[in-house]
Every structure is written in structure tokens, then in C-alpha cells.
Amino acid sequence: INLSAFVVSELDKDKIVFSNEVFDKIFDEIKKKVRKGEAPSKDYFLSHSNKNISNLSSYIVGEKHLLSSWKEKDIIVKEEKDLLFEVTKESILRFKLKRVHTMVKDALFDLKKDDGNLEIIKSFSRLTKLERLIQEQLGRIF
């Protein structure tokens with residue numbers, strides 16, 4: 001599976017949407033490309049007709065900091081591209097954790113307003129279990 005298909009699959013599986021309109025539009029564009037079996041390219045987004053998308057893309061793609069000549073000194077530095085799958089998986093989990101954390105806070109607020117509602121209690125319990133599971137996957141809880 002390619003990286004873009006993996007990200008689309010992971011976020012769609014949990015019906016996650018972006019709260020930022022530009023991010024949501026970019027994600028919709030990526031989903032369209034993935035469904036057509038195409039790989040979204042940076043050039044597509046850099047020259048996009050929507051100025052917000054092209055501006056954000058150029059900011060993201062901007063000049064990268066180059067590592068010094070560590071190889072000449074026999075020091076091997078792993079670059080992000082070497083760890084792409086792990087970095088992507090962790091990023092998705094962190095994104096999901098943030099969303100679940102917000103949902104837990106909302107459920108807690110609802111629980112304080114109506115402390116006898118069984119559905120709110122069940123929802124709060126499920127969300128806190130999910131939050132703990134994601135924390136475990138991120139290696140924050142053992």
C-alpha cells in the first residue's frame with residue numbers, strides 16, 4: 001500500500017475530518033487521487049487553482065534543512081524518508097489522540113451538566129478507553 005492510500009484508509013476508517021478548511025480540501029483532493037489509483041504529487045498541489053492550497057503546499061514543501069556531511073565523518077543519521085512508515089503511523093495516532101482527547105473533554109462537560117445520563121456515561125467510558133489504547137500504541141503507557 002502506498003503512503004497516501006494508507007493515510008486515507010486510516011483517517012476514513014475512523015471518519016476523521018479536519019477542522020481546518022484548507023486541510024480538509026487537500027485531504028479531499030488526495031482521496032480523489034487515491035481512488036483513481038494515482039499518487040498525489042507535490043507539483044499538483046503547488047500549482048493548484050485554489051490559492052490557499054497552493055500557498056500552503058509551497059510553505060510545506062519549502063526548503064529543507066540539509067544535513068551536514070555526516071557520512072564523511074562515518075556518522076549515519078537517519079532521515080525522515082528512511083522512517084516514513086513509522087513517522088506516518090505515529091503522526092496519524094497523535095492526530096487521532098488529539099481528536100479523541102477533545103471528544104473526552106466534551107463528554108466530560110456533558111457529564112457535568114447531566115450526570116445521570118447513562119448514554120453520556122457509556123460514551124465517556126468508551127472514549128477514555130480509546131484514549132488509553134492510543135496512548136499505549138504511542139508507547140506513552142505501559
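One structure accompanies this document, and this report is about it. Each chain has its residues counted from 1, following the order in which its sequence is written. Where totals are concerned, whole chains, interfaces and linings use all residues; where local detail is concerned, this predicted model gives features only for residues with pLDDT of at least 70, and gives and counts side-chain atom pairs only at 80 or more. Note that water and hydrogens are dropped before the side-chain values are worked out from all heavy atoms of the structure.

Bringing the overall build of the protein chain into the picture now. Runs of H or I in DSSP of at least four residues are treated as helices and runs of E of at least two as strands, each being numbered from the N terminus. Per the secondary structure count, the protein chain includes 6 helices and 0 strands. Listing each helix as α and each strand as β along the protein chain from the N terminus yields α-α-α-α-α-α. Burial status across the protein chain gives 24% buried among its 142 residues. In this description, contact between two residues means that some pair of their heavy atoms is separated by no more than 4.5 Å. In the protein chain, once contacts between residues fewer than 6 apart in sequence are set aside, the share between residues at least 24 apart is 53%. Each residue gets one of three labels from its accessible area relative to the maximum for its type: buried under 20%, exposed over 50%, partly exposed in between, using a 1.4 Å probe on protein chains only.

What follows is about the environment of Asp-14. Along the polypeptide, Asp-14 turns up in the loop between α1 (3-13) and α2 (21-35). Placed 82 residues apart in sequence, Asp-14 and Lys-96 show a C-alpha to C-alpha distance of 8.7 Å.

What follows is about the packing of α2 against helix α4 (residues 51-61). Axis definition: a line fitted to C-alpha atoms, over the contacting stretch in the case of helices. Angles run 0 to 180 degrees between N-to-C directions. Contact geometry for α2 and α4: axes closest at 10 Å, N-to-C directions at 90 degrees. Taken together, α2 and α4 sit at an angle that is classed as roughly perpendicular. Facing Val-22, Phe-23, Lys-25 and Ile-26 of α2, the residues of α4 in contact are Asn-52, Ile-53 and Leu-56. Residues are grouped as follows: nonpolar covers Ala, Val, Leu, Ile, Met, Phe, Trp, Tyr, Cys and Pro; charged covers Asp, Glu, Lys and Arg; every other residue, Gly included, is treated as polar. Tallied by class, residues from the contact of α2 with α4 come to 5 nonpolar, 1 polar and 1 charged. Between 65 and 115 degrees an angle is taken as roughly perpendicular, under 35 as roughly parallel, over 145 as roughly antiparallel, and anywhere else as oblique.

This next bit is on the layout of surface pockets. Grid spacing is 1 Å over the protein atoms alone, the probe is 1.4 Å, and a cavity is where that probe fits but cannot get out, while a pocket is an open set with protein on both sides within 12 Å along at least five of seven lines and lining residues have an atom within 4 Å of a point. Grid points are joined across faces, edges and corners, and a volume is the space filled by probe spheres set on the points. Approximately 1300 Å³ is the volume found for the largest pocket. Contributing to the lining of the largest pocket are 25 residues, with Leu-3, Val-7, Ile-26, Ile-30 and Ile-60 lying nearest its centre. Within the lining of the largest pocket, the residues separate by chemical class into 17 nonpolar, 5 polar and 3 charged.

Here the focus is the side chain of Ser-54. Here Ser-54 lies in helix α4. Apart from the residues lying within four places of it in its own chain, the contact partners of Ser-54 are Phe-45, Leu-46 and His-48.

Right, let's talk about the environment of Gly-37 for a bit. Within the element layout of this structure, Gly-37 appears in the loop between α2 and α3 (42-46). C-alpha separation for the pair Gly-37 and Ala-5, spaced 32 residues apart in sequence, amounts to 9.0 Å.

With that settled, consider the nonpolar core. Counting residues in each nonpolar core, the largest one holds 11 residues, listed as Phe-6, Val-8, Leu-11, Ile-16, Val-22, Ile-26, Phe-27, Ile-30, Phe-45, Ile-53 and Ile-92. Broken down by element, this core gets its largest block of residues, 4 residues, from α2. Here Val-8 is in contact with Phe-27, Ile-30, Lys-31 and Val-34, once residues within four sequence places are set aside. The criterion is simple. A nonpolar core is a set of buried Ala, Val, Leu, Ile, Met, Phe, Trp, Tyr and Cys residues joined through side-chain atoms within 4.5 Å.

Attention shifts here to α1. Within α1 the residues assigned to the buried category are Ser-4, Ala-5, Phe-6, Val-8, Glu-10 and Leu-11. Contact partners of the buried residues in α1: α2 and α5 (84-113). In the stretch just after α1, Lys-15 is the one whose phi turns positive, near 55 degrees.

Running from N to C, α5 and helix α6 (residues 118-137) cross one another at 155 degrees; their axes reach a closest spacing of 9 Å. In terms of axis orientation, α5 runs roughly antiparallel to α6. Crossing angle aside, the handedness with which α5 passes α6 is left-handed. The residues of α6 that touch α5, namely those facing Leu-93, Lys-96, Leu-97, Val-100, His-101, Met-103, Val-104, Ala-107, Leu-108, Asp-110 and Leu-111, are Ile-120, Ile-121, Phe-124, Leu-127, Thr-128, Leu-130, Glu-131, Ile-134, Gln-135 and Gln-137. Two helices cross in a left-handed way if the nearer one is turned anticlockwise from the farther one by less than a right angle. They cross in a right-handed way if the turn is clockwise.

A few words now on the packing of aromatic side chains. Between 30 and 60 degrees the pair is tilted, below 30 it is stacked and above 60 it is edge-to-face, where a pair is any two Phe, Tyr or Trp rings, Trp via its six-membered ring, whose centres lie within 6.5 Å. Taken as a whole, this structure holds 4 aromatic pairs when the rule is applied. Geometrically, the ring pair formed by Tyr-44 and Phe-45 is edge-to-face, given 5.1 Å between the ring centres and 85 degrees between the ring planes. Ring-pair connections join several aromatic residues into one group, and the members of that group are Phe-18, Phe-23, Phe-27 and Phe-95. Its end group placed over the ring of Tyr-44, Lys-33 keeps NZ or CZ at 4.1 Å from the ring centre. Comment: the charge-over-ring label is applied if NZ (Lys) or CZ (Arg) is within 6 Å of the ring centre and within 35 degrees of the ring normal.

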